[in-house]
Every structure is written in structure tokens, then in C-alpha cells.
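Residue-level structure breakdown
Okay, here's what each chain looks like letter by letter:
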Amino acid sequence: FSKPLRKAVSRMSSSSDQPLVQRVLAVSAASAARASLVIRQVMSSGQLGIVEKGKNDLQTAADRGAQRIIIGNLRLAFPGLTVIGEEDEDPNAEPLRPDELVQPDAGVLAKDCPAALRDVPVGDVTVWVDPLDGTSEFAANLLDHVTVLIGIAVGSRAVAGVICQPYYNYQTLSPDQMGRLIWSLEGLGVFGLSETEIANNPPGNIIATTRSHSNQIVNDAVTACEPTEVLRVGGSGHKVLLLIERQAHAYVFASPGCKKWDTCAPEAVLRALGGCLTDILGNELPYNASATHPNKQGVLATLRKEDHARFAAKIPENVRKALS
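For the protein, an unreviewed UniProt entry supplies the name 3'(2'),5'-bisphosphate nucleotidase 1 and the organism Macrostomum lignano. What UniProt states about the protein under its Cofactor (unreviewed entry) heading is, verbatim, "Mg(2+)". Per UniProt, the protein has the following entry under Sequence similarities (unreviewed entry): "Belongs to the inositol monophosphatase superfamily."

1. Looking at the UniProt feature "binding site: Mg(2+)" (unreviewed entry) in the protein
Under the local residue numbering, the UniProt record ascribes the feature "binding site: Mg(2+)" (unreviewed entry) to Glu86, Asp130, Leu132, Asp133 and Asp262. A stretch of 177 residues holds the annotated residues, and the largest C-alpha distance among them is 9.6 Å, short enough that they meet in one place. Among the structural elements, Glu86 can be located in the loop between strand 3 (82-85) and helix 4 (106-109). On the basis of relative accessibility, which here comes to 19%, the residue Glu86 falls in the buried class. Residue placement: Asp130 occurs in strand 4 (residues 125-133). Take Asp130: its relative accessible area is 0%, and that puts it in the buried class. Excluding anything up to four places from it in sequence, Asp130 contacts Glu86, Thr147, Val148, Leu149, Trp261 and Asp262.

2. Focus: the packing of helix 2 (residues 20-45) against helix 3 (residues 61-77)
One can describe the packing of helix 2 onto helix 3 by two numbers: an axis separation of 8 Å at closest approach and a directional angle of 155°. With respect to each other, helix 2 and helix 3 are oriented roughly antiparallel. Pair helix 2 / helix 3 crosses with right-handed handedness. Facing helix 2, whose interface residues are Val24, Val27, Ser28, Ser31, Arg34, Ala35, Val38, Ile39 and Val42, helix 3 presents Ala61, Ala62, Gly65, Ala66, Ile69, Ile70, Asn73, Leu74 and Ala77.

3. Observations regarding the pairing of strand 7 (residues 180-185)
For strand 7, the buried fraction is high: 5 of the 6 residues fall into the buried class. Pairing between strand 7 and strand 8 (residues 189-191): 3 bridges, direction antiparallel. Within the sheet, the bridge partner assigned to Trp183 lies in strand 8 and is Phe191. Counting the residues in the hairpin turn of strand 7 and strand 8 gives 3 residues, including Gly187, whose phi is positive at 85°.

4. Thoughts on the packing of aromatic side chains
On inspection of all chains with the given rule, the structure shows 3 aromatic pairs. Here Tyr167 and Tyr170 contribute two aromatic rings whose centre-to-centre distance is 6.1 Å and whose plane-to-plane angle is 85°, an arrangement assigned as edge-to-face. For Tyr170, a relative accessible area of 24% puts it in the partly exposed group. On the basis of an interplanar angle of 20° and a centroid distance of 4.4 Å, the ring pair of Trp183 and Phe191 is categorised as stacked. The cationic tip of Arg180 hangs over the ring face of Tyr168; the distance from NZ or CZ to the ring centre is 4.0 Å. Over the ring of Phe311 we find Arg310; its NZ or CZ atom is 4.6 Å from the centre of that ring.

5. Overview of unusual backbone geometry
Phi angles above zero are rare outside glycine, and Asn141 is one such case at about 65°. As for its position among the elements, Asn141 is in the loop between helix 5 (135-139) and strand 5 (147-154). The phi torsion at Asn169 lies on the positive side, around 60°, for a residue other than glycine. You can call Asn169 partly exposed: its relative accessible area is 36%.

6. Quick look at the environment of Val319
Relative to the helices and strands, Val319 is located in helix 10 (residues 317-323). When its relative accessible area of 0% is taken as the criterion, Val319 is described as buried. Separated by 102 residues in sequence, Val319 and Ile217 place their C-alpha atoms 5.8 Å apart. Discounting residues that sit within four places of it in the chain, Val319 has contacts with Ile217, Asp220, Ala221 and Ala254.

7. A closer look at helix 3
The first and last C-alpha atoms of helix 3 sit 24 Å apart over 17 residues, in line with the 24 Å expected at 1.5 Å per residue. Among the 17 residues that make up helix 3, 13 are buried, leaving the element largely enclosed by the rest of the structure.

8. Let's talk about the packing of helix 7 (residues 236-244) against helix 8 (residues 260-272)
Where helix 7 meets helix 8, the axes come as close as 9 Å, and the angle between the chain directions of the two elements is 15°. Relative to helix 8, the element helix 7 is oriented roughly parallel. The hand of the helix 7/helix 8 crossing is right-handed. From helix 7, Ser236, Gly237, Val240, Leu243 and Ile244 reach across to helix 8, where they touch Asp262, Pro266, Val269 and Leu270. Residue composition of the contact of helix 7 with helix 8, grouped by class: 6 nonpolar, 2 polar and 1 charged.

What counts, and where the lines are drawn
- Every chain begins its residue count from 1, and numbering advances along the sequence as written.
- Since the coordinates come from a predicted model, pLDDT governs what is reported: local features require at least 70, and pairs of side-chain atoms require 80 or more to be given and counted, while whole-chain, interface and lining totals use all residues.
- Neither water nor hydrogens contribute to the side-chain values; these are computed over all heavy atoms in the structure.
- UniProt positions are given in the numbering used here, feature names are shortened, and annotations may be inferred rather than shown by experiment.
- For the purposes of this entry, the term helix denotes a DSSP run of H or I that reaches at least four residues, the term strand denotes a run of E that reaches at least two, and both are numbered from the N terminus.
- For each residue, the accessible area found with a 1.4 Å probe, counting protein chains only, is set against the maximum for its type, and the residue is called buried under 20%, exposed over 50%, and partly exposed in between.
- Throughout, a contact is declared for two residues whenever any of their heavy atoms are within 4.5 Å.
- Only the stretch in contact is used when a helix axis is fitted, and all axes are lines through C-alpha atoms; the angle between N-to-C directions ranges over 0 to 180 degrees.
- Under this scheme an angle from 65 to 115 degrees is roughly perpendicular, one under 35 degrees roughly parallel, and one over 145 degrees roughly antiparallel; angles in between are oblique.
- Note on convention: the crossing is left-handed when the near helix lies turned anticlockwise from the far helix by less than a right angle, right-handed when the turn is clockwise.
- The criterion for strand pairing is that DSSP finds at least two bridges linking the strands in question.
- Two aromatic rings from Phe, Tyr or Trp, using only the six-membered ring of Trp, form a pair when their centres are within 6.5 Å; if the ring planes differ by under 30 degrees the pair is stacked, by over 60 it is edge-to-face, and anything between is tilted.
- Either the NZ atom of lysine or the CZ atom of arginine qualifies as a charge over a ring when it sits within 6 Å of the ring centre and within 35 degrees of the ring normal.
- A helix is expected to span 1.5 Å multiplied by its residue count minus one.
- We call Asp, Glu, Lys and Arg charged. Ala, Val, Leu, Ile, Met, Phe, Trp, Tyr, Cys and Pro are nonpolar, and the rest, Gly among them, are polar.

Take a look at the structure:
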């Protein structure tokens, strides 16, 4: 490394005596905020650089640039850390410039790490990165759906998460004011949400599900939940935020189209609030480094555990058979 780069990396990785998990979370939070700037810059340029990876599966220059920022910062700060990103990594990518390096989030470092997470070795930690969740919506200018997701697992369990919304309040705030960073740590809580943002309690039975990956099985699962309203929206992070903000009662997606990088961070945040996220059959999702990337049995999430059991019981047999 150059001398300035060595100094910056030293500041990132040696943030006093805080436990590893807390330091990884602090760098993740700062990296998500920096990646959000990249995403907004790409959109402002009008040069999205769209690549079609598969059916209803897009990648843009914003995805690539945001992942480069996040993974680059994490690997510089924590050699040996397992980081799994959605996008294929470019072996010829340029190294991070000094202005792309982040300082660990001071708000994260200021907290007391729960005792259960203080002595976790680097070999037990896996970080799952979705640099731009809701790419199709980003390309369609549905900016409220877009999030940056960084989930941290210890063993197979999601214990910490970052959900960053690059365009939060973009219709009312100036570019230098928009955006929201939410983070959680198991045993500590969730930060970045105000009481007024989670005070709603909507009537009825509102179900959030996919906007662009629907089929008969997906629709059968939603219908079985007896919705009074169905919100067809993009992004796993966005759907979980709808639960957290009391705009929906359940997130139901009976399809293998979701991946671990889509759900690790949202699950960690949701669970820190007392919620629950599993596959559609009610099984916990593993997030260890050797876990398969697709969530082959779909996703079921609620803000309250008792609601989760109620919705899980409604999933019809034809859906269970199709996904098992």
C-alpha cells in the first residue's frame, strides 16, 4: 500500500479494543453509506451500464461500483474475513482510492458490544453483501425500493445487519440530506429508526410480495394469507422495512428467487426488533460461509413472532410440495 493508504487501513482495522464483530459492523455501516453515494452518482450520470444476468435479473454500474466500495473496504480492514457479494468480482478492478476508504462508523463503535459477541474469531464470521437490492426498480426509477444490504453472520446465525436507503426522502430533501442508515446488533437493538417512523398500526391484513418474480405458486401463497391488500414491491430490504414501519403485516414470497445476501441483513434487523424471518416452510435460514446462496424454499417474514406462526400455518399444501 502507499503511505496514505496504509494509514487509512490502520485506522479502519485498529479501532481501539472493540470486538471484531463490532468493528466489522462499524466498517460495514460506513461502507454502505459510501456505496450509497456511488449509487446516486451513477443515477445522476444517466449512464446506468445495464447488463442482463438472467430473466428479470439486472446488474448496473451502480451495483458494480457499490460492491467494489463495500468489499474493498472490508477486505482491507479485515484480512481473512469471508465476504460474499451478489456480483461477480472483477479481478482487474482498480484498487480503492484514498477518498474511497471509510472511517468506521463512530456511532457503532460507541456502543457496548454484548458479551456473547465479544470473543468471536474471524473464521466464524461471514459477511453477505447485496450492494444494490432492487436493481430492476433502480433501473425503472422506483427509488424508494432501493437499499444497500450488509448482513453479518456468526456461524449460521445472522447477528448484525445494515440497511441503507440511498434515496430515503429523496422527494423532499436536497441531495446532500437524503438517505437513511439503519443498523442492528443482536443483544443491542436497532438504530437509525425514529419512534414516529414505526408508530403506524395499519388495519386489515396487508401482504408484501414480489413485484417482478411472480407465478402461480407465489400467488397461491399470498392468496392463502387472506390479504386485504397486496403490496407488490421490489427488494427484500424494502419489504422488511415495510414490516418494520408497520405498513405491511407479512412478507410472503413462495419462490427460490431470493438469495442469502437478500435476507441476511434484513433478518438481523428484524430479529433485533423481535420479528422473525424464515423460509416459507418456517425453517431457519443458515448464513455460514458454506451455505447455499439461494433461499430455495422462499421467504416468510413478520414483525411479531406470533404473527409468523399464524401465517406459516396458512401456507397451502400445494405450495409446500412445490418448494420442498
